Amino acid sequence: MYKKLVDFIQELYQTKEFLPLHEPRFIGNEKKYVNETIDSTFVSSVGKYVTQFEEMVAEFSGAKYAVATSNGTSALHIGLKIVGVDKNCEVITQPLTFIATANAISYCNAKPIFVDVDRDTLGLSPSKLKEFLEEFAVMDENGNCLNKSTNKIIKACVPMHTFGHPCKIDEIVEICDSYNIAVIEDAAESLGSYYKGKHTGVFGRVGIFSFNGNKIITTGGGGMLVTDDEELAKKAKHITTTAKIPHPYEYIHDEIGYNYRLTNLAAALGVAQMENLQLFVDKQRNLAQKYNDFFEDTHLEFIKEPKNSKSNYWLNAVILKDKEERDAFLKYTNDNGVMTRCIWRLMNKLDMFKDAQTGNLNNAEWLEDRVINISSSVIV
Ligand SMILES: *Cc1c(COP(=O)(O)O)cnc(C)c1O
C-alpha cells in the first residue's frame, strides 16, 4: 500500500526525484515585478507594490483594511497587541497548531490557554471552548472576562484554520462575543478558503495571513493583518512602521513601535503571486479530489474539507490507524524520495508551555498520533 502511494504521488508530479512537501510556484509576473522594484530602487518598505498587495488581499478576502507585515508571526503579534493583550492577560488557542500562534501570545507577555480542537475540522472546538468558559470564566464589573482559577483577564482567542480547512469560526465568534473576548483569526494557512461563503480571516476582529515560502502563495517571507475596524487598522499600520508621526524631516515616534513592515521587493513577488491565487486554489482542490479517490480504496482516511466550507487544501493530510503505523508510513515515504511529515507536537507538551492551563485535549491528542501530511505542491 505504501509503495502504491509513492508510485501514485510520483505519477501525479511526474518525477522520481526527491519531492518536497510544498514548493512555491513562480509561473507569472514575479520576475518582471521584482526587477521593476530593483530598477526603481524602491526595494525597501516604501513603494507602490506594498499598497497594491494590501489592496489585492483586502479585495480577495473581503476585508475592509489590510496591513502588510514582515511575516505572519509579526501580524499575529500586532493583532494581539492592538486588541489590548498584555502581561495581565490570557489568550485561548488550540494546542494543535504551528508554534507561531503560541509564540505571538508570548511576545505580548500573555499566557496561552489550550482548548481542544474538533476531530472534523482540526481547528478550535466551539463546544470545548464553551465548556471551558462555563467552568472557568466570570465577568467582572468592567465587562472583562476573568479566569476564576488565575484571576487574569481572558482577553483574546486565536482559532486556527488547520491546513486550510476552516474551523467552525462563526460559532467561536459568537461564544467569544458573549464573553467579551476578541477573536484573532490565525488564517495563515487558509488564504483562499471559505466558511459559509465568507473568506476565512474576516470573521474575527482581526485576521492574519502568512506568505512564508511553504504557504499557498509566498513573498519569501511576509504576512498580512486584515480587519474591518478602521481604528485597529490605523493602529496596526502605525506600530508596524516604528510608530513614526508623519513629518517631512523630523523623527518623532509616539510609542514603542516595531520594524514589521513588508518590503516592496517582497510585495512585488506578492502581487504577482496574488494574480495566480485563484488558479492555485483550483489546482489544489483538483489535487485533493485525486487523493480522495486514491484513498477511498485504502484503510487510510483522507482529510476532507469540513461541512459548510470550501477549503484551499493547502496541505493534504491523512489519518493513520495508530502511532505505530504513522511511523512506518513516515519512514517508508521519506526513505523513498517522497517527503511526508507528522503533525505538530502539541503546544502544551513543549517545554515553554508545559505549565499552561488546558482543557480536556482528547481530540488533539488522538490526532497528534495519527495525522500525516503528504505532497501538496501546486501541480501547474
Ligand atoms: C505559517 C504560519 C504562521 C505564520 O508564519 P510566518 O512564517 O511567520 O509567516 C502562523 N500560524 C500558522 C498556523 C502558520 O502555519
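Scroll up to find the structure.
Not measured: the values here are computed from a predicted model.

Draft legend 1. Seen up close, the packing of helix 6 (residues 126-136) against helix 7 (residues 169-178). In the contact formed by helix 6 and helix 7, the axes pass within 9 Å of each other and the chain directions differ by 15°. With respect to helix 7, the element helix 6 is oriented roughly parallel. For the element pair helix 6 and helix 7, the recorded crossing hand is right-handed. Packed against helix 6, whose contacting residues are P126, L129, K130 and L133, the element helix 7 presents E171, I172, I175 and C176 at the interface. Taken together, the residues that form the contact of helix 6 with helix 7 break down as 6 nonpolar, no polar and 2 charged.

Draft legend 2. Region of the structure containing the nonpolar core. Among the nonpolar cores identified, the biggest contains 48 residues, and F53, F163 and M224 are the most heavily contacted of them. Only helix 3 (48-61), strand 1 (65-69), strand 11 (223-227), helix 9 (264-274), helix 10 (277-296), strand 14 (316-319) and helix 12 (362-368) provide two or more residues apiece to this core. Leave out the neighbours within four places in its chain, and M224 touches F53, E54, V57, A66, V67, A68, T69, A75, G207, I208, F209 and F211. Among the nonpolar cores identified, the runner-up in size contains 27 residues, and C89, A156, I184 and L225 belong to it.

Draft legend 3. Region of interest: the sheet that holds strand 14. With antiparallel pairing, 4 strands are arranged side by side in an open sheet as 12-14-17-15. Sheet topology places strand 12 (301-302) and strand 15 (341-342) at the edges, where each strand pairs with a single neighbour. Alignment of strand 14 against strand 17 (residues 371-374), held across 4 bridges, turns out to be antiparallel. For A317, the partnering residue across the bridge sits in strand 17 and is N373.

Draft legend 4. Structural view of the environment of Q289. Here Q289 lies in helix 10. Judged by relative accessible area, Q289 falls into the partly exposed class, the value being 44%. When the C-alpha atoms of Q289 and K304 are compared, they prove to be 9.1 Å apart, with 15 residues separating the residues in sequence.

Draft legend 5. Region of the structure containing the pattern of salt bridges. Per the counting criterion, the structure on display carries 18 salt bridges. Of the charged contacts in the structure, one is a salt bridge between E36 and K48, with a shortest N-O distance of 3.2 Å. Pair noted here: E36 is in helix 2 (residues 30-40) and K48 is in helix 3, with a separation of 12 residues, a long-range link. Put simply, D118, D120 and K168 are held in one network by salt bridges that share partners.

What counts and how
Residue numbers restart at each chain and count upward from 1, following the sequence in its written direction. For this predicted model, a pLDDT threshold of at least 70 governs which residues receive local features, and a threshold of 80 or more governs which side-chain atom pairs are given and counted, while totals over whole chains, interfaces and linings are taken from all residues. In computing side-chain properties, one takes all heavy atoms of the structure into account and sets aside hydrogens as well as water. Lines are fitted to the C-alpha atoms to define the axes, a helix being fitted only along its stretch in contact, and any angle between axes, read from their N-to-C directions, falls within 0 to 180 degrees. Numbered from the N terminus, helices here are DSSP runs of H or I no shorter than four residues, and strands are runs of E no shorter than two. Orientation labels follow simple angle bins: below 35 degrees gives roughly parallel, above 145 gives roughly antiparallel, 65 to 115 gives roughly perpendicular, and whatever is left gives oblique. Should the near helix be turned counterclockwise from the far one by less than a right angle, the crossing is left-handed, whereas a clockwise turn marks it as right-handed. Throughout, a contact is declared for two residues whenever any of their heavy atoms are within 4.5 Å. When residues are sorted by character, Ala, Val, Leu, Ile, Met, Phe, Trp, Tyr, Cys and Pro go into the nonpolar class, Asp, Glu, Lys and Arg into the charged class, and all the rest, Gly among them, into the polar class. In this text, buried Ala, Val, Leu, Ile, Met, Phe, Trp, Tyr and Cys residues form a nonpolar core when linked through side-chain atoms within 4.5 Å. Only protein chains enter the calculation, and the probe is 1.4 Å; a residue is then buried if its accessible area is under 20% of its type maximum, exposed if over 50%, and partly exposed in between. When DSSP finds at least two bridges between two strands, those strands are taken to pair. Each salt bridge in this description consists of a side-chain nitrogen of Lys or Arg and a carboxyl oxygen of Asp or Glu lying within 4 Å of one another.

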